[in-house]
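# Breakdown of the fold
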Amino acid sequence: MVGTFMNLTFPQILDGQRIGEEMLVALRDKAESFLVRTGRKPKLALLRIGENPASALYMRRKCAVAEKIGIECTASVFPIGTPLESVEEKISQWNNSPSVDAIMVQAPLPSAEYQRSVFNAIDPKKDVDGFHPVNVGKLACEDSSGFVPCTPKGILRLLHAHDIPLAGRHVVIIGRSSIVGRPLGLLLQSRTVNATVTICHSRSQNLASITRAADILVVAAGRAKLVTADMVKNGIVVVDVGQNRDESGLLCGDVDFRSVAPRCMYITPVPGGVGPMTVAMLMENVIQACEHE
Ligand code: NAD
C-alpha cells in the first residue's frame, strides 16, 4: 500500500480520529470555563424524525461525545408523519429557552421541503449545523460571524492540521449537496483559503478527466468505490467523505481505498477520517453558540 513519489513515502493518512480527539480536549476546557462562568453546562438540543437506524446511531454518538466533554444534551424524536407545525413548535420552545444554546436536526427528514422548513425555523444564533439561510448567506459573503457546516469545516481543519497547502491548488469536489459539497466549495474559494475549485455532480460528464486534473480530490457522492486508481494522478490528496456499506455490510467510503491509496500523498481512511472531524466541529460550533451568552 505504501509507494514512493519524488523521494517521499506515501500515502500518509489524514488522521481525523487523532485530530478530532485533540480538538475535543481543548473544547472540554472551554465547556468547563462556561460552567464556571455561568453556573450551567452548555446545552445542545437534538431532534430526529423517524427510526432510521443510521440517523439514530449518529445522534447517539453526538450525544455521547457532547456529554463526555461537558455539554448537556436533550433529544426529541418524533414519529414519521408528524405535522410540520409540531416540529416547529418544539424548535420554537428551544429557540426561546435561555438554557438551550444550540440546536441540531438530524437529516434526513421526510422531504426536502419539510427539511427546508425545519432548518428555517431554527434561530440562526443556535443553528450549529449552519443550514439556516442566514448562516448559508454569511458563509457566501465570507462573514465569519455565522456557523459553518460541520463536515466542510472539519475537512478544512483536517487539511490545515497536516499543513497541506491550498492556495492556488486545484480542488475537485464530487457532490454539490448543501451539507458537504456546496459549502465546502465556498470555504475553499474564500479569500482566506484561495483554492481553485471545481464542483462535479451526477450530471457532470467525463468525471475521470476532471478528477485527473485535481491536486486535491474531495468525494462526497454516497457511492461506494466511485473513485478508482485510474481517476487520480500520482501525489494527489484524497478526502473521502462517503459513508456506505459494502457487500459484507462494512462501512466504506466513496473511494476504492485499496487501489487509490498507493497513488496518494495523503488520504483519509473510512472510518477514522472525516467522520470524527464532523463531530468535533459540531462540538466547536456548540461552544461558539455559547459565546452569544
Ligand atoms: P447527497 O445525496 O445529498 O449528495 C450527493 C451528491 O453527489 C449530489 O450532488 C450528486 O449529484 C453527487 N453524485 C452522486 N453520484 C454521483 C456520480 N456518480 N458522479 C458524480 N456526482 C455524483 O449526499 P451528502 O449528504 O452530500 O452525502 C454524501 C456522502 O457523504 C454520503 O455517503 C454521506 O453518508 C456522507 N457524509 C458523511 C459525513 C461525515 O461526517 N463523514 C457527513 C455528511 C455526509
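Refer to the structure above for everything that follows.
Just so you know, these numbers come straight off a predicted model, no measurement behind them.

Turning next to helix H10 (residues 274-290). Since the α-helix turns once every 3.6 residues, residues separated by three or four places project in the same direction. With 17 residues, H10 ought to run about 24 Å at 1.5 Å a step, and its terminal C-alpha atoms sit 25 Å apart, in line with that. Here H10 lies mainly inside the structure; 16 of its 17 residues are buried.

Right, let's get into unusual backbone geometry. Most peptide bonds take the trans form, and the phi angle of most residues other than glycine is negative. Here the residue pair Ala107 and Pro108 is connected by a cis peptide bond, since its omega of 0 degrees sits within 30 degrees of zero. Among the structural elements, Pro108 can be located in the loop between strand S6 (102-105) and helix H4 (112-121). The step from Val270 to Pro271 runs through a cis peptide bond, and the omega angle for that step is 0 degrees. Inspection of the secondary structure assignment puts Pro271 in the loop between strand S13 (264-267) and H10. Backbone geometry places Asn194, a non-glycine residue, at a positive phi of 65 degrees. Topologically, Asn194 is positioned in the loop between helix H7 (181-189) and strand S8 (196-200).

Next up on the list: the packing of helix H2 (residues 53-68) against H10. Axis separation between H2 and H10 bottoms out at 10 Å; the angle between their running directions is 55 degrees. It follows from the interaxial angle that H2 and H10 lie oblique. For H2 against H10, the interelement crossing comes out right-handed. For the pair H2 and H10, the contacting residues are Lys62, Val65 and Ala66 in the first and Val279, Leu282 and Met283 in the second. Residue classes in the contact of H2 with H10 are distributed as five nonpolar, no polar and one charged.

Residues Ile216 and Val218 point to one face of strand S9 (residues 216-219) and Leu217 and Val219 to the other, with burial holding for every one of them. Sheet analysis places strand S7 (residues 170-174) next to S9, joined by four bridges and oriented parallel. Looking at the pairing, Ile173 lines up with Val218 of S9.

All right, on to the site of the ligand then. Around the ligand lies a shell of 21 residues, among which Arg176, Ser177, Ser202, Gln243 and Thr278 are the nearest. In the complex, 73% of the free accessible area of the ligand, which totals 850 Å², lies under the protein chains. By residue number, the principal contributor to the shell around the ligand is H10, which donates three residues. Here the residues of the shell around the ligand are counted per class, giving eight nonpolar, 11 polar and two charged.

Attention shifts here to the sheet that holds strand S4 (residues 43-49). With parallel pairing, the three strands of this open sheet are ordered in space as S5-S4-S6. Among the strands making up the open sheet, the edge pair consists of strand S5 (72-78) and S6. Looking at each pair of strands side by side, their axes are set apart by 15 degrees on average, direction ignored. Inspection of the sheet shows S4 paired to S5 by seven bridges, in the parallel sense. Note that in S5 the partner of Arg48 across the bridge is Val77. Helix H3 (residues 84-96) rests against S4, S5 and S6 of the sheet, and its axis sits at about 175 degrees to S4.

Throughout the structure, instances matching the rule amount to 10 salt bridges. With its nearest N and O atoms 2.7 Å apart, the salt bridge here joins Glu284 to Arg157. Here Glu284, found in helix H10, pairs with Arg157, found in helix H6 (residues 150-161); they are 127 residues apart in sequence, far enough to count as distant. Given a relative accessible area of 18%, Glu284 falls into the buried group. Linked by salt bridges that have partners in common, Asp15, Arg18 and Glu22 make up one network.

With that settled, the discussion passes to the packing of aromatic side chains. Using the criterion set out here, one finds one aromatic pair in the structure. Between Phe119 and Phe131 the ring centres are 5.0 Å apart and the planes differ by 50 degrees, which places this aromatic pair in the tilted class. With Phe119 in helix H4 and Phe131 in the loop between H4 and helix H5 (133-140), the pair connects residues that are 12 residues apart, well separated along the chain. Each member of the pair, Phe119 as well as Phe131, is classed as buried.

Moving on: the pairing of S8. As paired elements, S7 and S8 share five bridges and run parallel to each other. Looking across to S8, one finds that Ile173 is bridged to Ile199. With H7 bridging S7 and its parallel neighbour S8, the resulting β-α-β unit is right-handed.

This brings us to the environment of Ile103. Inspection of the secondary structure puts Ile103 in strand S6. Remark: the alpha-carbon pair of Ile103 and Val118, spanning 15 residues in sequence, is separated by 11 Å.

Calculation notes
Residues numbered from 1 in each chain as written. Predicted model: local features only at pLDDT ≥ 70, side-chain atom pairs only at ≥ 80, totals over all residues. Heavy atoms only, no water. Helix = DSSP H or I, 4+ residues; strand = E, 2+ residues; numbered from the N terminus. Expected span 1.5 Å × (residues − 1). Buried < 20%, exposed > 50% of the residue type's maximum accessible area, 1.4 Å probe, protein only. Axes fitted to C-alpha atoms, helices over the stretch in contact; angles between N-to-C directions. Parallel < 35°, antiparallel > 145°, perpendicular 65-115°, else oblique. Left-handed = near helix turned anticlockwise from the far one by under 90°. Contact = heavy atoms within 4.5 Å. Nonpolar A, V, L, I, M, F, W, Y, C, P; charged D, E, K, R; others polar. Pairing = 2+ DSSP bridges. Near = heavy atom within 4 Å. Areas by Shrake-Rupley, 256 points an atom, 1.4 Å probe, with all protein chains shown as cover. Salt bridge = Lys/Arg side-chain N within 4 Å of Asp/Glu carboxyl O. Phe/Tyr/Trp six-rings, centres within 6.5 Å; stacked < 30°, edge-to-face > 60°. Right-handed = clockwise from strand over helix to strand, strands pointing away.

Read these as layout, nothing more, since geometry by itself doesn't imply function.
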